[in-house]
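What follows is the residue order along each chain.
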Amino acid sequence: MRQFLAACAMLLALAGMVRAQDRGAIEDVIGGQLEAFNQRDVEMAWTYASPMIQGMFGNSANFGMMVQRGYPMVWTNSDVRYLELREIGGRLWQKVMVRDENGGLHILDYQMIETENGWQINGVSILPAPDVGV
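Residues numbered from 1 in each chain as written. Predicted model: local features only at pLDDT ≥ 70, side-chain atom pairs only at ≥ 80, totals over all residues. Heavy atoms only, no water.

S.K.: What is the right way to read the sheet that holds strand S4 (residues 118-127) from this model?
M.R.: In a beta sheet, neighbouring strands pair by backbone hydrogen bonds and run either parallel or antiparallel. Judged by pairing direction, the sheet is antiparallel, and its four strands sit side by side in the order S1-S2-S3-S4 without closing on themselves. The sheet is open, and its two edges are formed by strand S1 (78-88) and S4, each paired on a single side. Put simply, the sheet's adjacent strands are angled 25° from each other on average, direction ignored. In this structure, strand S2 (residues 91-99) lies alongside strand S3 (residues 105-115), joined through eight bridges in antiparallel fashion. Counterpart to Lys 95 in the pairing with S3 is Asp 109. (Pairing = 2+ DSSP bridges. Helix = DSSP H or I, 4+ residues; strand = E, 2+ residues; numbered from the N terminus. Axes fitted to C-alpha atoms, helices over the stretch in contact; angles between N-to-C directions.)

S.K.: What exactly am I supposed to notice about unusual backbone geometry here?
M.R.: Note: most residues except glycine have negative phi, and most peptide bonds are trans. Phi at Arg 40 takes a positive value of approximately 60°, unusual for a residue other than glycine. You can see Arg 40 is positioned in the loop between helix H1 (2-38) and helix H2 (42-47). A positive phi angle, close to 50°, is found at Asp 79, a residue other than glycine. Inspection of the secondary structure assignment puts Asp 79 in strand S1.

S.K.: Is there a simple way to think about the environment of Glu 84 in this case?
M.R.: Within the element layout of this structure, Glu 84 appears in strand S1. Taking C-alpha positions, Glu 84 is 9.5 Å from Arg 23, a pair spaced 61 residues apart along the chain. Ignoring anything within four residues of it in the chain, the contact list for Glu 84 reads Trp 93, Gln 94 and Lys 95. (Contact = heavy atoms within 4.5 Å.)

This is the structure we're talking about:
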């Protein structure tokens, strides 16, 4: 029984280490795409999108237009802060807080998938702003 518990504890510790490595890689991918959008390098931003996203939009121009129109806080962003990384239904989701060009704060939820090319962005949802008490 002791050996079983020790083995479980070791597996949990190893899983935590893998998660820390994943966290860094995921933040690098999201940060790289956000920086590419700030530089208006849509071709580079496109490389961070998963094959599913690339299939949906067909090319980087269509993808860039969608981001510019539907996600203006991503198109022009600043003050990026990475919040919680969590697993939901076997997928990793990274919450990110960004500031838009007018100073407004937004919370985004990035669905990440690991591909043969490393971590890629498989979708982004805009989360409702939290209620703030006065």
